[in-house]
Amino acid sequence: MGVANATVAHNEGISSIYFNPAHQLEFEGINFAGGVTLIWPQKKLESTVTNEAYESSSKTYTPLHLTSAY
């Protein structure tokens, strides 16, 4: 019970430093981790009142993330 649901804070990777800065001591040397997420939202609505169809513009987002520690 002392840990509760804090399993994210274990040193599974360099990004765990965000949740628990004390883990910085677990990694030796220069460490990098990064990634990208692809977000491609789409929405289509068919109105029962006007019987018209509406569609959102298609746009792609790619947020990048980088973590490093020495």
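Everything here concerns the structure above.
Residues numbered from 1 in each chain as written. Predicted model: local features only at pLDDT ≥ 70, side-chain atom pairs only at ≥ 80, totals over all residues. Heavy atoms only, no water.

**Re unusual backbone geometry**
Working note: non-glycine residues mostly have negative phi, and peptide bonds are mostly trans.
Point 1. Positive phi outside glycine occurs at asparagine 51, with the angle close to 55 degrees.
Point 2. With respect to the helices and strands, the residue asparagine 51 is situated in the loop between β2 (44-46) and β3 (53-55). (Helix = DSSP H or I, 4+ residues; strand = E, 2+ residues; numbered from the N terminus.)

**A closer look at the environment of histidine 65**
Point 1. Relative to the elements of secondary structure, histidine 65 occurs in strand β4 (residues 64-69).
Point 2. For histidine 65 and threonine 37, which are 28 residues apart along the polypeptide, the C-alpha to C-alpha distance reads 8.6 Å.
Point 3. When near neighbours in sequence (up to four residues on either side) are disregarded, histidine 65 contacts Ala33, Gly34, Gly35 and Val36. (Contact = heavy atoms within 4.5 Å.)

**Some words on the side chain of serine 47**
Point 1. Relative to the assigned elements, serine 47 resides in the loop between β2 and β3.
Point 2. A polar contact is formed between the side chain of serine 47 and the backbone nitrogen of valine 49, at a distance of 3.2 Å.
Point 3. The residues touching serine 47, leaving out its near neighbours within four places in the chain, are Glu52 and Tyr54. (Polar contact = N/O pair within 3.5 Å; in protein donor to acceptor, adjacent residues only side chain to side chain.)

**Digging into the side chain of asparagine 31**
Point 1. Relative to the assigned elements, asparagine 31 resides in strand β1 (residues 31-36).
Point 2. Among the polar contacts listed, one links the side chain of asparagine 31 to the backbone oxygen of glutamate 28, at a separation of 3.3 Å.
Point 3. Separated by 3.4 Å, the side chain of asparagine 31 and the backbone oxygen of glycine 29 make a polar contact.
Point 4. With sequence-adjacent residues up to four places away left out, asparagine 31 is seen in contact with Ile14, Thr67, Ser68 and Ala69.

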